[in-house]
Amino acid sequence: MDKILQVSWTSPSNIALIKYWGKRPVQMPMNSSISLTLSKSYTKMSIKREESINGLSLEFIFENNQNEKFKKKIYNFLTTILKDFPWLNTSKLTIESSNTFPHSSGIASSASSMSALALCLLSLDELITNYKNTTHDNFLEKASSYARLASGSACRSVVPNFGLWKKENTFAVPYNDIHPLYLTLCDSILIIDETEKIVSSSAGHGLMENHPYNEIRYNQAENNLVKLLSIMKNDNFLNFSEIVENEALSLHALMMTSTPSVILLKPESLEVILKVKEWRLQNNIPITFTIDAGPNIHLLYPERYKVIIQNYINNDLWKNKKVIHDKIGDGPRAI
Ligand code: DP6
């Protein structure tokens, strides 16, 4: 079995509506979360596997350049799952990866890249061990679980449309019991600042451990999830907005009230939020916002309002500035 094998996947990023913030071993969340799978913002990854007698070795090429930082991260992750994929011990892997979106653009590249990695590993596993997962769903559940071990939020990226990650589960599942309006959601990402994150996600989650509001937060997230799932059965966008914004602002409020405090929002982030609130009130337009662990603002709205909203963004709110117009997507693809 010394033939060369190659597998390739694209896997999207996602943006959380109910935020995962706080975790416990092993990579399990303190609260449930749900996210919107993106469409245009994805990682394309291929892995070439050659048999080797020298243990696991790795080459990592990110956007045509060797990348030592990512290589180390992936190597360390792979060493934690060797017992599940023993063939890794006799593998020389060449991983090539690229993103359709700029680095540090406020789109979670760990979600798309770590889910792509998990999918590629499982595809290789099927080829090498001749073990075929019984169903595609079964394959995706496993991929979600390995993606989670690499980066929590990545487990939601393998799921089309809405990925639900319950706090007791090791993988995310699709959530489909929704009004069709939500299947048309667009996400325009306003790039407020492209500089690297000042706290890693793991350090951020760590801040929740001694946070004075941690138990309150975990309950709030579960309550918000129950409310959101019920709201999404109908097309009342105002109710949807209330929960989504509460989650985004709660995430940042938690960061600001951590010790040490973390302030990721920029003055422009707040300016945009205030302007959008005023504009939607004046024009009676369904648009809401969410925010990741960074300053960039994700504007969410139904596709039916795409022309008017994108006109407003491009010609007024965010004229001549960087924006990525994305939308809900149907998950990863083998290529
Ligand atoms: C604010 O999934 O990046 O985006 O598990 O440590 O890799 P690790 O953290 P990560 O945390 C994401 C936090 C968040 C909210 C969310 O996506 O739910």
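In what follows, the accompanying structure is described. The structure displayed is predicted, hence computed values, not measured ones.

Observations concerning the pattern of salt bridges
Stage number 1. The final tally for this structure, using the stated rule, is ten salt bridges.
Stage number 2. Between K132 and E126 there is a salt bridge, with its nearest N and O atoms 3.3 Å apart.
Stage number 3. Overall, the relative accessible area of 61% leaves K132 in the exposed class.
Stage number 4. Since its relative accessible area comes to 17%, E126 is described here as buried.
Stage number 5. Where K233 meets D177, a salt bridge forms, and the shortest distance between an N and an O atom there is 2.6 Å. Note that K233 is positioned in the loop between α5 (214-231) and α6 (237-256) and D177 in the loop between β9 (173-174) and β10 (185-190), a separation of 56 residues in sequence.
Stage number 6. The class for D177 is partly exposed, based on a relative accessible area of 45%.

A word on the environment of L119
Stage number 1. One can find L119 in helix α2 (residues 109-129).
Stage number 2. Assessed through its relative accessible area of 0%, L119 is described here as buried.
Stage number 3. Between the C-alpha atom of L119 and that of V199, which follows or precedes it by 80 residues, the distance is 27 Å.
Stage number 4. Among all residues touching L119, those that are not within four sequence positions of it are W9, S11, F139, L140, A143, V158 and P332.

Focus: the nonpolar core
Stage number 1. Counting 41 residues, the largest nonpolar core has I47, L78 and L117 as the members making the most contacts within it.
Stage number 2. For this core, the element with the highest residue contribution is α2, accounting for ten residues.
Stage number 3. Sequence-distant contacts of L78, that is, excluding residues within four places in its chain, are made with L56, L58, L88, L93 and L121.
Stage number 4. Counting 30 residues, the second-largest nonpolar core is a separate cluster that includes I18, I189, L229 and F237.

A short note on the site of the ligand
Stage number 1. The immediate surroundings of the ligand are formed by 17 residues, with Y20, S151, G152, S153 and D292 found nearest.
Stage number 2. Separating an oxygen atom of the ligand from a side-chain N or O atom of Q27 is a distance of 3.4 Å.
Stage number 3. Between an oxygen atom of the ligand and a side-chain N or O atom of S201, the distance comes to 2.8 Å.
Stage number 4. Within the complex, 93% of the 460 Å² of free accessible area of the ligand lies under protein.
Stage number 5. A total of three residues in the shell around the ligand trace back to one element, the largest contributor, which is helix α4 (residues 201-206).

Description of the sheet that holds strand β11 (residues 288-291)
Stage number 1. A sheet is described by the order of its strands in space; here four strands give the open sequence β11-β12-β10-β13, paired in antiparallel fashion. Since the sheet does not close on itself, it has two edges, and those belong to β11 and β13 (323-327), each with one partner. Here the average twist between neighbouring strands, direction ignored, is 25°.
Stage number 2. Judged from the four bridges that link them, β11 and strand β12 (residues 297-302) form a sheet pairing that is antiparallel.

A few points about the pairing of strand β5 (residues 57-62)
Stage number 1. For β5 and strand β7 (residues 91-99), the ladder comprises six bridges, and the chain directions are parallel. Bridge pairing in β7 links I61 to E96.
Stage number 2. Here two bridges tie β5 to strand β6 (residues 65-66), and the two strands are oriented antiparallel to one another. Note that in β6 the partner of I61 across the bridge is Q66.
Stage number 3. Hairpin geometry of β5 and β6 is characterised by an intervening segment of two residues between the two adjacent antiparallel strands and by a positive phi of about 50° at E63.

Rules used in this analysis
Residues numbered from 1 in each chain as written. Predicted model: local features only at pLDDT ≥ 70, side-chain atom pairs only at ≥ 80, totals over all residues. Heavy atoms only, no water. Salt bridge = Lys/Arg side-chain N within 4 Å of Asp/Glu carboxyl O. Buried < 20%, exposed > 50% of the residue type's maximum accessible area, 1.4 Å probe, protein only. Helix = DSSP H or I, 4+ residues; strand = E, 2+ residues; numbered from the N terminus. Contact = heavy atoms within 4.5 Å. Core = buried A, V, L, I, M, F, W, Y, C linked by side-chain atoms within 4.5 Å. Near = heavy atom within 4 Å. Polar contact = N/O pair within 3.5 Å; in protein donor to acceptor, adjacent residues only side chain to side chain. Areas by Shrake-Rupley, 256 points an atom, 1.4 Å probe, with all protein chains shown as cover. Pairing = 2+ DSSP bridges. Axes fitted to C-alpha atoms, helices over the stretch in contact; angles between N-to-C directions.

Everything listed here is a matter of coordinates, which is why it stays silent on function.
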